[in-house]
Amino acid sequence: MSVNLVHRIVAQRVERLSPGMVRVVFGGDGLEGFVSTDVGDEYFRVFFPVDGQVEPNLPFPTDDGYWDFPEGVEPAPMRTYTVRDWNAATRELTIDFVVHEGGVAAAWALHAQPGDVVGVNTPKGLYDPPADIEWQLLIADATGLPAAARLAENAPLGVRTRVVLEVSTPDDELSLSPADGVELHWVHGGNGHAPTRIEEILRASELPTGPGYVWVAGETKATRGVRKLLRHELKLPASAYKVIGYWTENAEAWRERYDSLDDGTHARLRAMWDDDTRPTEDIEEAYEAELEKLGL
């Protein structure tokens, strides 16, 4: 089992990229031993300080590949983010934060200054196309934009790549540098300000013939429809797509409803993931169907 290290990282530079996104470049001795997967959508947990703290209480890695906090120490709040860039030569780690009213991570990023401290664990990638693909389609809203941009920058030579990014307004478009030949499109809407169009974008996309790969990242409930479309309507094999729910609209209300479920329901939902006799995509679809029945 790989070691899941926790790194103390220090903000070096802060830049407002758009009305809805802040970039923070981190450094510090804590990045010694940081290992990137080099996968464009690699993600990790970011540990934030609570009100009144200068820096967060960081956990320690455990033998089972996770982490824990010392007894009596208040756990640091954490959120999941993708790596926008890792420069091993300068040992600098870049994270682009979607910012909005409310939320631990957004509030931290909006006020971030050089010298501020957070923690991150060892990243893990999800993008995993077959080796023989001839084309790929990448679709994301603003939360998936950093990962999609990195994937576009590192698009395999000779693979026809189309990228469609949904941001709130034209002011939220960023200056990106995709690899040669990558086709980049912007659409406006979604992102908590209007209904997302990611499923509509996929339905309107004419997928090329030959082996390919579809990667979609966006709001969790919206990605359920995307996954059903890819699996049941387009009948793509599980190896030909990756669909990731990056955020949940009205997340606090969703969490309250989830937490209010009885113990038996929680146990039943957890047990679904322990069934190693079923393909992961079957479990995922069944789990989401149960959540929908529960109004989640």
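Higher on the page you've got the structure.
Here goes a summary of the coordinates provided. As the structure is a prediction and not an experimental result, all values here were calculated from the model. (Residues numbered from 1 in each chain as written. Predicted model: local features only at pLDDT ≥ 70, side-chain atom pairs only at ≥ 80, totals over all residues. Heavy atoms only, no water.)

Aromatic ring pairs are described here by two measures, namely the spacing of the ring centres and the angle between the planes. With the rule as written, the count across this model stands at eleven aromatic pairs. Ring centres of Tyr 127 and Tyr 213 lie 5.4 Å apart, and the angle between their planes is 85°; on these two criteria the pair is classed as edge-to-face. With Tyr 127 in the loop between strand 9 (117–121) and strand 10 (135–141) and Tyr 213 in strand 13 (residues 212–219), this pair connects stretches of sequence that are 86 residues apart. The class for Tyr 213 is buried, based on a relative accessible area of 1%. Here the aromatic residues Phe 26, Phe 48, Tyr 81, Phe 97 and Trp 108 are joined through ring pairs into a cluster of three or more. (Phe/Tyr/Trp six-rings, centres within 6.5 Å; stacked < 30°, edge-to-face > 60°. Helix = DSSP H or I, 4+ residues; strand = E, 2+ residues; numbered from the N terminus. Buried < 20%, exposed > 50% of the residue type's maximum accessible area, 1.4 Å probe, protein only.)

Let us now look at helix 7 (residues 280–293). When the terminal C-alpha atoms of helix 7 are compared, their 20 Å separation across 14 residues agrees well with the 20 Å that a helix rising 1.5 Å per residue should span. Along its buried surface, helix 7 packs onto helix 4 (220–233), helix 5 (251–259) and helix 6 (263–272). Gly 295 sits one or two positions beyond helix 7 and adopts a positive phi of about 80°. (Expected span 1.5 Å × (residues − 1). Contact = heavy atoms within 4.5 Å.)

Next up on the list: the side chain of Asp 96. Relative to the helices and strands, Asp 96 resides in strand 8 (residues 92–98). On the accessibility criterion, Asp 96 (3% relative accessible area) is buried. At a separation of 2.8 Å, a polar atom in the side chain of Asp 96 contacts the side chain of Arg 23. Here Asp 96 is in contact with Leu 17, Met 21, Val 22, Arg 23, Tyr 81, Arg 84 and Pro 146, once residues within four sequence places are set aside. (Polar contact = N/O pair within 3.5 Å; in protein donor to acceptor, adjacent residues only side chain to side chain.)

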